[in-house]
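Here is how the chains run, residue by residue.
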Amino acid sequence: VPLGTKCPKGWGLIDPAEAYVSVRSVASSCARCMPGRFSQTLVDGEGETYICVACAKGEIQPSPSQSSCLQCQAGTFANSEGQTVCSSCPPGSATAALGSSTCELCPAGSAQPVRGSSACDVCERGSFQREEGA
């Protein structure tokens, strides 16, 4: 990218090997931001352009050329950067928080047999679960 070149919103700077870069000086052109990434404004000495940034843990972007990422909903998580879908919490775990990067194991005295749950269920009177993650 010649200095002063501006990538449009939804696109970002790339180098000659077509890898996303975050500085204009090593960029050779622009490319659409792929799913799992979003287009972020970069202001440098040459003006404004856009770079493609991987979504953070706990966030996803299933579509290309977007300007933000989406938080994972309760009962789901994204445990690495650049994800396109949130995973459901496995049975024996849950998360009530938005934007989770992990699920918490159900504590002793509770259980969750259902995948994608936002809370663990306390054991009914007369029953007990002594292990975590049930």
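Engineer: Please clarify how the pattern of salt bridges should be interpreted in this entry.
Structural biologist: Think of it this way: side chains of opposite charge can pair up when their charged atoms draw near. One pass over the full model with this rule turns up two salt bridges. Between Lys6 and Glu48 there is a salt bridge, and its shortest N-O distance comes to 3.8 Å. Here Lys6, found in the segment before strand 1 (11-14), pairs with Glu48, found in strand 4 (residues 47-54); they are 42 residues apart in sequence, far enough to count as distant. Accessibility expressed as a relative area gives 48% for Lys6, which makes it partly exposed. The exposure class of Glu48 is partly exposed, given its relative accessible area of 36%. The residue Arg24 makes a salt bridge to Asp44 at a minimum N-O spacing of 2.9 Å. With Arg24 in the loop between strand 1 and strand 2 (29-32) and Asp44 in strand 3 (residues 37-44), this residue pair connects regions lying 20 residues apart in the sequence. When its relative accessible area of 3% is taken as the criterion, Arg24 is described as buried. Judged by relative accessible area, Asp44 falls into the partly exposed class, the value being 26%.

Engineer: Please explain the state of the cysteines as it appears in this structure.
Structural biologist: As enumerated under the stated definition, the model contains six disulfides in all. Paired by a disulfide, Cys55 and Cys69 hold their sulfur atoms 2.0 Å apart. Disulfide Cys55-Cys69: the torsion about the S-S bond is -85°, which places it as left-handed. With Cys55 in the loop between strand 4 and strand 5 (59-60) and Cys69 in the loop between strand 5 and strand 6 (70-71), the pair connects residues that are 14 residues apart, well separated along the chain. Of the residues examined, Cys69 reaches a relative accessible area of 16% and is grouped as buried. The disulfide partner of Cys89 is Cys103, and the gap between their sulfur atoms is 1.9 Å. One quick way to see it: the torsion about the S-S bond of Cys89 and Cys103 is about -80°, and its sign makes the bridge left-handed. Taken together, the residues span a long stretch of sequence, with Cys89 in the loop between strand 8 (87-88) and strand 9 (93-94) and Cys103 in the loop between strand 9 and strand 10 (104-105) at a distance of 14 residues. Across this residue pair, the class does not change: Cys89 and Cys103 are buried. In the protein chain, numbering the disulfide-bonded cysteines from first to last in sequence yields the connectivity 1-2, 3-4, 5-6, 7-8, 9-10, 11-12. There is no disulfide at Cys123, and the cysteine sulfur nearest it, in Cys106, is 9.4 Å away. Look at Cys123 and you get partly exposed, because its relative accessible area is 22%.

Engineer: Honestly, the nonpolar core in this entry has me stumped. Any pointers?
Structural biologist: Inside soluble globular proteins, nonpolar side chains tend to come together where they are buried. Counting residues in each nonpolar core, the largest one holds seven residues, listed as Cys7, Leu13, Val21, Ala27, Leu42, Tyr50 and Ile51. With residues up to four places along the chain from it excluded, the contact list for Leu42 reads Leu13, Ser22, Gly47, Glu48, Thr49, Tyr50 and Ile51.

Engineer: Please clarify how the environment of Ser65 should be interpreted in this entry.
Structural biologist: Inspection of the secondary structure puts Ser65 in the loop between strand 5 and strand 6. A residue is classified by how much of its surface remains accessible, and Ser65, at 25% relative accessible area, is partly exposed. Distance in space between the C-alpha atoms of Ser65 and Met34 is 6.4 Å, their sequence separation being 31 residues. Ignoring any residue separated from it by four or fewer positions in sequence, one finds Ser65 in contact with Gly10, Arg32 and Cys33.

Here is what the cut-offs are and how they apply
- Every chain is numbered on its own, with residues counted from 1 as its sequence reads.
- A pLDDT threshold of at least 70 governs which residues receive local features in this predicted model, and a stricter bar of 80 or more applies before side-chain atom pairs are shown or counted, although totals over entire chains, interfaces and linings include all residues.
- Side-chain calculation: all heavy atoms of the structure are included, whereas hydrogens and water are not.
- A carboxyl oxygen of Asp or Glu within 4 Å of a side-chain nitrogen of Lys or Arg is what we treat as a salt bridge.
- Numbering of helices and strands runs from the N terminus; a helix is a DSSP stretch of H or I covering at least four residues, while a strand is a stretch of E covering at least two.
- Exposure is judged per residue with a 1.4 Å probe applied to protein chains only, and the accessible area is read against the type maximum: over 50% gives exposed, under 20% gives buried, and values in between give partly exposed.
- Disulfide assignment relies on a single distance test, namely cysteine sulfur atoms paired within 2.5 Å.
- The nonpolar core is taken to be a set of buried Ala, Val, Leu, Ile, Met, Phe, Trp, Tyr and Cys residues, with the residues joined through side-chain atoms within 4.5 Å.
- Here a residue-residue contact requires only that any non-hydrogen atoms of the pair lie within 4.5 Å.

Honestly, that's just the spatial picture; any functional story needs more than this.
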